Amino acid sequence: MTSATSFLIVVIHLACIRSGDSSEKFVNLECNEESHGVYGQQSLLQCNVKAVKKVTILTVTWKRVEALLLEYNQDTFNPTPGFKFAEPSWNKKNTNVSLLLTNTKMADTGEYTCMVRTDSGDDTATTSLSVTAKYITPTMSSIPETNIEENTGVTIFCNSTGGQQKGSIRWFDQFRNDWTRSAELVAKETEDGPFSLSSKFKVQKATSSSTNYTCEVLNVNGAVEGMASFVIQFAPRDSGRKADKLDSDSTTNWLAPVVVIGSLIIGLLAALLLFKRRSARRDHQTDTRHDGDVEAEVSLCPGLNSDSPQDQRNSL
Ligand SMILES: *[C@@H]1O[C@H](CO)[C@@H](O)[C@H](O)[C@H]1NC(C)=O
Ligand SMILES: *[C@@H]1O[C@H](CO)[C@@H](O)[C@H](O)[C@H]1NC(C)=O
Ligand SMILES: *[C@@H]1O[C@H](CO)[C@@H](O)[C@H](O)[C@H]1NC(C)=O
């Protein structure tokens, strides 16, 4: 017998057992066996009501070690802060009775019980939650915050919380030089278990050629769990000169088209005048005078004249 057929037989066998089970029960509450949550984030405990026909839910009760977390009973909700139905607008026709923990704590670890009563029968199921802690993306700040002068000292902070064990923080500048040894780390254990880290790095002489600093949060195993970058806010340099430049820039902005248009108009007028004078002369003078006319025109441009090849030959 191949492994595939033996698998099939096992599946059929299981299906028979299950259908035999549910023939006694009209309603089944099916929950995920285990869920994994992360400290400070949302956790979802999945439970769904499975029924052969449409059911109306009368009550839902979520508990952890006898502590009531969430209750729905005949159209009224009784939630504990931090716990709610995962379905945003849950109602009695919705068979997804999953529980959402809005801000998971280490203490939320454990076994949860869900009890459901419907118009077609009741069921109870359990599910468990394990919580791990991870450092969150660090937040950065500096003292002073802004208007930092060239070549003065700046202290940059990099803070993060949430780690299960004492982690560390590494510092880099924008050229990826490692400054970790110049930084001071303070690690504290918070009441709820996880660690909070604050690293202080003093830039002795901040210069605007290197403004971007990056910090990385590492867990106890040296894996990076979060990083952030910070740009030192320098005082705006020679703002007076900048304003002047802007001013003259805007002057040239409107001056340029005016000059171009103006010279075009003047050029056109001059051409018009010349044309009129020439046509007037042509009307009154004979063709023999024409050559002299051209000569006179050329002599109007002495620069052009002296550059002519003939003149150059003469000067040699
Ligand atoms: C139940 O609802 C939650 C929240 O909307 C959703 O993430 C989950 O997938 C749902 N479960 C099922 C089996 O539909
Ligand atoms: C980081 O922690 C230090 C020391 O506790 C504090 O002075 C600083 O304001 C914190 N920075 C941020 C961004 O939370
Ligand atoms: C600062 O440097 C980091 C890492 O090199 C980069 O991801 C980030 O975009 C930089 N920020 C700015 C404002 O240049």
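Each remark here, short or long, concerns the structure printed above.
Only a predicted model underlies this, so the values are computations on that prediction, with no experimental measurement involved. Every chain begins its residue count from 1, and numbering advances along the sequence as written. To read the labels, note that chains go from A and ligands from 1, taken in the order they are written. Where local features are concerned, this predicted model is filtered to residues with pLDDT of at least 70; where side-chain atom pairs are given and counted, the filter is 80 or more; whole-chain, interface and lining totals use all residues. Side-chain descriptors were evaluated using all non-hydrogen atoms of the structure, hydrogens and water having been removed beforehand.

1. Things to note about the state of the cysteines
Right, so step 1: Whenever a pair of cysteine sulfur atoms sits within 2.5 Å, that pair is classed as a disulfide. Using the criterion set out here, one finds two disulfides in the structure.
Right, so step 2: Each disulfide pairs two cysteine sulfurs, and for Cys158 the partner residue is Cys215, the sulfurs being separated by 1.9 Å. Around the S-S axis, the bridge from Cys158 to Cys215 shows a dihedral of about 65° and counts as right-handed. Placement of the pair is Cys158 in strand E13 (residues 154–163) and Cys215 in strand E17 (residues 212–218), with a sequence separation of 57 residues.
Right, so step 3: Owing to a relative accessible area of 0%, Cys215 belongs among the buried residues under this scheme.
Right, so step 4: Take the cysteines of the chain that form disulfides and number them in order along the sequence; they join up as 1-2, 3-4.
Right, so step 5: Here Cys114 is not cross-linked by a disulfide; its sulfur's nearest cysteine counterpart is in Cys47, at 4.7 Å. Secondary structure follows DSSP: runs of H or I at least 4 residues long count as helices, runs of E at least 2 residues long count as strands, and numbering of each begins at the N terminus. Working definition: with a 1.4 Å probe on protein chains only, accessible area under 20% of the residue-type maximum means buried, over 50% means exposed, and in between means partly exposed.

2. Side note on the site of ligand 1
Right, so step 1: The rule for a residue being near a molecule or strand is that one of its heavy atoms must lie within 4 Å of it. Taken together, the residues surrounding ligand 1 are Leu44, Gln46, Asn48, Ala86, Glu87, Asn96 and Ser98.
Right, so step 2: Nitrogen and oxygen atoms within 3.5 Å of one another constitute a polar contact, given that in protein one can donate a hydrogen and the other can accept it, and given that sequence-neighbouring residues count only through two side-chain atoms. One of the side-chain N or O atoms of Gln46 is found 2.9 Å from a nitrogen atom in ligand 1.
Right, so step 3: Contacts to ligand 1 include Asn96, whose side-chain N or O atom sits 2.3 Å from an oxygen atom.
Right, so step 4: Considering ligand 1 on its own, with 360 Å² of exposed area, one finds that the protein chains cover 52% of that surface. Computed with a 1.4 Å probe, the accessible areas rest on the Shrake-Rupley method; for each residue, only the protein chains presented here act as cover.

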